[in-house]
Amino acid sequence: MTETVLRLSTRRGRWVVVATVLGSSLALLDGTVVNIALPHIGEDLGSGVAGLQWILSGYTLALASLILLGGALGDRWGRRRVFVWGTVWFAAASLLCGIAPDIPLLVIARILQGVGAAMLTPGSLALISASIHEDDRGAAIGLWSGLGGVAGAIGPLLGGWLVEVAGWRSVFLLNLPLAALVVWASMRHVPESRDPHPPDHLDVLGSACAVIGLGALTYGLIEMNLIAGVVGAVVLIAFVVVEVRSPNALVPPSLFSSRMFVAANLVTLAVYAALGGVFFLLVLQLQLVAGYSPLEAGLATIPITLAMLAFSSRAGSYAQTHGPRLPMTVGPALAAVGLLLMTRIGPDASYWTVVLPAVVVFGLGLSAMVAPLTAAVLGSVPVEQSGIASGVNNAVARTSQLLAVAALPGIAGIDAESMLDPDSFSDGFRIAMFICIALLLVGAAIAAVLIRAPAAPAPAPRGPVPPGPIPESVACKPHCDVTGPAVQPALARPRPTEG
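Residues numbered from 1 in each chain as written. Predicted model: local features only at pLDDT ≥ 70, side-chain atom pairs only at ≥ 80, totals over all residues. Heavy atoms only, no water.

Examining the overall build of the protein
Per the secondary structure count, the protein includes 15 helices and 4 strands. The buried share of the protein, reckoned over its 499 residues, is 61%. By sequence separation, contacts in the protein at least 24 residues apart represent 85% of the contacts at least 6 residues apart. Within the structure as shown, the protein displays about 18,100 Å² of accessible surface, and the carbon and sulfur contribution to it stands at 69%. (Helix = DSSP H or I, 4+ residues; strand = E, 2+ residues; numbered from the N terminus. Buried < 20%, exposed > 50% of the residue type's maximum accessible area, 1.4 Å probe, protein only. Contact = heavy atoms within 4.5 Å. Areas by Shrake-Rupley, 256 points an atom, 1.4 Å probe, with all protein chains shown as cover.)

This is the structure:
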């Protein structure tokens, strides 16, 4: 297949960036904006905490367990084709979410949304890698990252405004015109690309084990069902066995021969579990206990993303020069201080003296940590494996968020009755924040002890590398080399150039 390489200065080149940014923003915003709408969804559909957990976890479950398979399908069948399929699927599921009459149907629709997101998310960055000329690729990735950060900043504000003006269903229905624009731009302007040498077979058995294992474990944690939890754990062990033995493994075992890669993913597991718990419970605390409106709750969290926009590239530059160990140690510890300040949020909490200091310190901690963590992952493996390494790290982050949202409310004593009692919910929120503080400090300790070698020299990321729920750090799969802002096909060959 002859592939077309575009210059960023051309009309088609700019449309590639627009289409991929809008596509990744669909998945990003539905991972963040829905948080703002949760209290209204619960009130309208009569749901307790478990239902709200499933609304978030159903989406994350499908995305976390299928994102690597989605990338493999794009490599095999065509990245633009799978990207468009995923966008259409996502839009149809969004319509189902918008008209869902009750919690069970909304959860099913959210799971279907996650399937669509798993198809379109890997293709977003991979299409830039395959379509944009290598001399312009860094600038294109910088635009992709920066515009994605702007979308992350606008998302909570837009979500809060929509919930107040048009109701929570509008949060999902807004996806339909955006998805239509993505499909039109992709089909008209984005060239098709695929891996010329894909693996002989897809790792279907491994994907099935990931879906069943994570699904059963999540059900066991949310519903407090020991049997389901044990079944999920056993199937996840089977997933590891399948990956070790499979010649076409989604997660190549050779990655874990790198001590740095293992350490970076252990930090990811601890830190992103804390992030999942914080972003789930903080907006509930602000609305149910502090009395904030959805719009005010959305505004309250914007300083976190603004801190990422301002400082993540500087942290990435520091990690490039001095290695990621120090920022990966200091960042989670500083974020833990932010969570300690969040425990002061209670009834009628003042934004300027209570909420703002907490979210600013928390955002500075994330700014110090996330870009160096990405550098550590990419610098820990050979160049030809950096795409799959990024994908595995993305899956680890989402899985830890999924399990945290499933387990944390039950551990902290937050239940359906707590939704009706601000004092009880506030007590559970504080317990949950102390658990998240412990997770962040564990991540800092792992980084201090195990992250020793500097990351491989690479250009610092341009623009923000957003945190878990706000962001999409997207892999372009094993046949793409992701090094900072420049994403280069590992199997490069001469191709005609447009512009």
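Some words on the environment of Ile99
With respect to the secondary-structure elements, Ile99 resides in helix α3 (residues 79-99). A C-alpha to C-alpha distance of 9.8 Å links Ile99 and Ala109, two positions 10 residues apart in sequence.

Points about the environment of Gly232
Here Gly232 lies in helix α9 (residues 226-245). Along the chain, Gly232 and Tyr219 lie 13 residues apart, while their C-alpha atoms are 8.7 Å from each other. Sequence-distant contacts of Gly232, defined by excluding residues within four places in its chain, comprise Gly213, Ala216 and Leu217.

So, the pattern of salt bridges
If you walk through the whole model with that rule in mind, you get 3 salt bridges. A salt bridge links Asp427 to Arg430; the shortest N-O distance between them is 3.8 Å. Note that Asp427 and Arg430 are positioned in helix α15 (residues 422-450) at a spacing of 3 residues, about one turn of the helix. (Salt bridge = Lys/Arg side-chain N within 4 Å of Asp/Glu carboxyl O.)

What to know about a nonpolar patch on the surface
A surface patch of nonpolar side chains, about 600 Å² in accessible area, is lined by Phe311, Tyr318, Leu326, Val330, Leu334, Val337, Val360 and Leu364. Mapping Val337 onto the fold places it in helix α12 (residues 325-342). (Patch = residues over 30% accessible without salt bridge, like charges linked within 9 Å, V, L, I, M, F, W, Y side chains within 5 Å.)

Quick look at the confidence of the model for the protein
On average, the protein scores 84 in pLDDT, and the residues at 70 or more come to 88%. The least confident element of the protein, judged by mean pLDDT, is strand β3 (residues 486-489) at 30; the most confident is α12 at 96. This stretch, residues 455-499, has a pLDDT under 50; its non-local contacts, to residues over four places away or in other chains, come to 163 contacts. (pLDDT = per-residue confidence, 0-100.)

Remarks on the packing of helix α10 (residues 259-289) against helix α13 (residues 351-379)
For the pair α10 and α13, interaxial distance at closest approach is 11 Å and the crossing angle is 155°. Relative to α13, α10 is oriented roughly antiparallel. Helix-helix and strand crossings are classified by hand; for α10 and α13 the assignment is left-handed. Along the contact surface, α10 presents Met260, Phe261, Ala264, Thr268, Val271, Tyr272, Leu275, Val278, Phe279, Leu282 and Leu286, while α13 presents Val355, Val359, Phe362, Leu366, Met369, Val370, Leu373, Ala376 and Val377. Broken down by class, the residue content of the contact of α10 with α13 amounts to 19 nonpolar, 1 polar and no charged. (Axes fitted to C-alpha atoms, helices over the stretch in contact; angles between N-to-C directions. Parallel < 35°, antiparallel > 145°, perpendicular 65-115°, else oblique. Left-handed = near helix turned anticlockwise from the far one by under 90°. Nonpolar A, V, L, I, M, F, W, Y, C, P; charged D, E, K, R; others polar.)

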